[in-house]
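Per-entry structural report
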Amino acid sequence: MKALLGVPLIAIAMIAAAADTVSAGYLGAARFGRSGCCCEEHCYTVMKTCKKVVYEKQDVTCYKTVNETVYEDKVIDCVKYVNETHYKDCEYTVCKPVYETHERECTYTVCKPVWETKTREVCYTVCKPVWETKTREVCYTVCKPVWETKTREICYTVCKPVYETKTRDICYTVCKPVWETKTREICYTVCKPVWETKTREICYTVCKPVYETKVRTECYTVCKPVHYTKEVDVCCGRWETQVTEIPGKTYTKCVREPGTWVYDPCTCCCKYVPGCCKTITCQCPPTKCCKKVWVAETKKKTINCVKYVHETKTREVPYTCCKMVPETVKKTCEYKVCHMVRENKTRVETYKVCRMVPETVKKTCTYKVCHMVPEKKVRVETYKVCKMVPETVRKTVEYKVCHMVRENKVRVETYKCCKMVPETIKKTCEYKVCKMVQETHTKKVPYTVCKMVAEKHVKKVAYTVCKPVHYTKTVKVAKCCPKKVAYTVTRCCPKVVCVQVPVKVCCKVPVCCCPCCPSEKSCGCGG
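Here the structure is a predicted model, which is why all the values come from computation and not from measurement.

What about the overall build of the protein chain?
Check the secondary structure of the protein chain and you find two helices and eight strands. Secondary structure elements of the protein chain occur, N-terminal to C-terminal, as α-α-β-β-β-β-β-β-β-β. Within the protein chain, buried positions represent 8% of all 527 residues. Within the protein chain, contacts between residues separated by at least 24 positions form 96% of all contacts whose residues are at least 6 apart in sequence. Approximately 43100 Å² of the protein chain is accessible, and the part contributed by carbon and sulfur atoms is 54%.

Quick word on the environment of Cys203
With respect to the helices and strands, Cys203 occurs in strand β2 (residues 156–246). Classification of Cys203 as partly exposed rests on a relative accessible area of 44%. Once the C-alpha coordinates of Cys203 and Lys330 are considered, the two residues, 127 residues apart in sequence, prove to be 4.5 Å apart. Those residues in contact with Cys203 that sit more than four places away from it in its chain are Val329 and Lys330.

A few points about the layout of surface pockets
There is about 760 Å³ of room inside the largest pocket. Around the largest pocket, the lining comprises 23 residues; the ones closest to its centre are Arg136, Cys171, Tyr172, Thr173 and Tyr415. Where the lining of the largest pocket is concerned, the elements lending two or more residues are β1 (37–152), β2, β7 (287–377) and β8 (397–512). Counting residues per element, the lining of the largest pocket draws most heavily on β8, at nine residues. Split by residue class, the lining of the largest pocket holds 15 nonpolar, one polar and seven charged.

Notes on the state of the cysteines
Overall, the coordinates contain one disulfide when judged by the stated rule. Two residues share a disulfide in this structure: Cys43 and Cys506, whose sulfurs sit 2.0 Å from each other. Taking the sign of the S-S torsion, about 105 degrees here, the bridge from Cys43 to Cys506 comes out right-handed. One end of the pair, Cys43, is in strand β1; the other, Cys506, is in strand β8, and 463 residues separate them in sequence. Among the residues examined, Cys43 registers a relative accessible area of 42% and is labelled partly exposed. Counting only cysteine sulfurs, Cys254 is the nearest neighbor of Cys277, a cysteine outside any disulfide, at a range of 4.5 Å.

Side note on the pattern of salt bridges
In a structure, side chains of opposite charge can pair up when their charged atoms sit close to one another. In the structure shown here, the tally under the stated rule is 10 salt bridges. Between Lys451 and Glu100 there is a salt bridge whose closest N-O contact spans 3.8 Å. Taken together, the residues span a long stretch of sequence, with Lys451 in strand β8 and Glu100 in strand β1 at a distance of 351 residues. In this structure Lys451 comes out as partly exposed when scored by relative accessible area, which is 44%.

Re unusual backbone geometry
With phi around 55 degrees, Cys268 is a residue other than glycine that occupies positive phi space. In this structure, Cys268 sits in the loop between β4 (260–264) and β5 (269–273).

A look at the packing of aromatic side chains
Overall, the coordinates contain two aromatic pairs when judged by the stated rule. Between Trp239 and Trp294 the ring centres are 5.2 Å apart and the planes differ by 65 degrees, which places this aromatic pair in the edge-to-face class. Of this pair, Trp239 sits in strand β2 while Trp294 sits in strand β7, and the two are 55 residues apart along the sequence. Residue Trp294 is classed as partly exposed on the basis of its relative accessible area of 40%. Lying over the aromatic face of Tyr487, Lys64 brings its terminal NZ or CZ to 5.7 Å of the ring centre.

A look at the confidence of the model for the protein chain
Scored by pLDDT, the protein chain comes out at a mean of 77, with 87% of its residues at no less than 70. Counted against residues more than four places away or in other chains, residues 1–8, with its pLDDT under 50, gives eight contacts. Segment residues 515–527: pLDDT under 50, and six contacts once partners within four positions in sequence are set aside and those in other chains are kept.

Quick look at the side chain of Asp264
Along the chain, the position of Asp264 falls in strand β4. Among the polar contacts made by the side chain of Asp264, one reaches the side chain of Thr267 at a distance of 3.3 Å. The contacts of Asp264, once residues within four sequence positions are left out, are Cys269, Cys270 and Lys271.

Notes on the environment of Tyr99
Relative to the elements of secondary structure, Tyr99 occurs in strand β1. Sequence separation between Tyr99 and Cys450 is 351 residues; the distance between their C-alpha atoms is 4.5 Å. What Tyr99 contacts, discounting residues up to four positions off in sequence, is Thr448, Val449 and Cys450.

Points about a nonpolar patch on the surface
A cluster of nonpolar side chains, namely Val54, Val497 and Val499, defines an oily patch on the protein surface of about 170 Å² accessible area. Its location among the elements puts Val54 in strand β1. Judged by relative accessible area, which is 33%, Val54 ranks as partly exposed.

Remarks on the side chain of Glu257
Within the element layout of this structure, Glu257 appears in the loop between β3 (250–256) and β4. Here Glu257 is in contact with Lys52, Val53, Tyr55, Gly275, Cys276 and Lys278, once residues within four sequence places are set aside.

Concerning the environment of Tyr251
Mapping Tyr251 onto the fold places it in strand β3. Classification of Tyr251 as partly exposed rests on a relative accessible area of 37%. For Tyr251, the contacting residues outside a window of four places in its chain are Ile280, Thr281, Cys282, Gln283 and Cys284.

Calculation notes
Residues numbered from 1 in each chain as written. Predicted model: local features only at pLDDT ≥ 70, side-chain atom pairs only at ≥ 80, totals over all residues. Heavy atoms only, no water. Helix = DSSP H or I, 4+ residues; strand = E, 2+ residues; numbered from the N terminus. Buried < 20%, exposed > 50% of the residue type's maximum accessible area, 1.4 Å probe, protein only. Contact = heavy atoms within 4.5 Å. Areas by Shrake-Rupley, 256 points an atom, 1.4 Å probe, with all protein chains shown as cover. 1 Å grid on protein atoms, 1.4 Å probe; cavity = no way out; pocket = protein on both sides within 12 Å on 5 of 7 lines; lining within 4 Å. Points joined across faces, edges and corners; volume = space filled by probe spheres on them. Nonpolar A, V, L, I, M, F, W, Y, C, P; charged D, E, K, R; others polar. Disulfide = S-S within 2.5 Å. Salt bridge = Lys/Arg side-chain N within 4 Å of Asp/Glu carboxyl O. Phe/Tyr/Trp six-rings, centres within 6.5 Å; stacked < 30°, edge-to-face > 60°. Lys NZ or Arg CZ within 6 Å of the ring centre and 35° of its normal. pLDDT = per-residue confidence, 0-100. Polar contact = N/O pair within 3.5 Å; in protein donor to acceptor, adjacent residues only side chain to side chain. Patch = residues over 30% accessible without salt bridge, like charges linked within 9 Å, V, L, I, M, F, W, Y side chains within 5 Å.

Laid out in structure tokens, this is it:
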């Protein structure tokens, strides 16, 4: 960097020395500057040697450690227990119930209702509508046309009806029913039951159980433990620490190249021009990762085992046998007999009577009224004109004009008036009377007798025996093997190169300016 800064400083010193020499050589001429000498600026280019840093890309081979998992086959011994089912015969006695159905006759009395239909006359009053036809005179007004004959030209006027909707109240009478509540007494007969308690004796058979204790021989199985030892493969191991080197991350950063000093002739000084920016790829230093790896081992271990051996033994078991003995028992039953006794009662019934009361109701009717409104219309008539002689003729057209003259008329309307007339009507009502008649029936009642019968059965009892079965199986054991993998990294290496740079240098030179000889650039002074 110091060598690069020295080159511009040397150039500046040389330019300053040359300027002093020129000013000293033309000292005499400079003194006559006021009388006719002036300075003229001359520029020239000088080649300057500069150093430039250039980056070259180089490929570097690096190595990283990668763990590779390898599986090895290993044969191990295993034991599994298989259940075997065996059966043995076991004899037992069962008391089987045998049911017998018998029938006995029972006599009982039933009250059977006998219905009689009777009729009676009931008088009631209804309002019967009687319609009368009447007439009434209604006055209304109509417009009677009165025609007049006039004459005019083609325009004429007609009456256009315009309808308006109005409402009016019409009073009319309707019969509104008014209900009155009345009561009346009705006598009726009711059969009242009278219950009488009686007793009777019923004989029936009951099976009485008689228990008897017996002894039977029964076989049973006992599991007897037998102790023994065996060798078993036990899976064990240890943890080992494994160090893995992880390469550093690659990142990109922006780097500026070294700048150069450039001489500026305008300010007569050197300026520092920074270098261009470029992007380079860098890599972080590698890191080490420690992890624990389980190393499996198999060891043999002697263990104590117990197996159970089935042993059959005999024992006497007492049991109770039930025997059903029939026994005749008498019991006294109470039963009720119903006698129907007639009893007269009176009940009060509420009924409604409808009476028609006249009521005046007002309703609103909607009707239309026609007003004749004059409206002007124009009609076009086509007619023929015969031109015999050029003469102007005016044609008169006759037309009729209608004036609406009011005229009163009377019309007769027929309407119906309803008058409610009471009328007495008789109707015959049928009603039923129930009479209870005693009737004796006989029915057969089935009953069941249970008899216990001893029966021997044989059943098979299942028991399970565990049988060990030895077998071998192949297991894959994982093993980590470290492996080095090569990868290429591109690095940028700096290199200094010398470059020739053109530099423009300007200096002032004195020139003689004579007013008598403007074409000559210099005078005789100074040669």
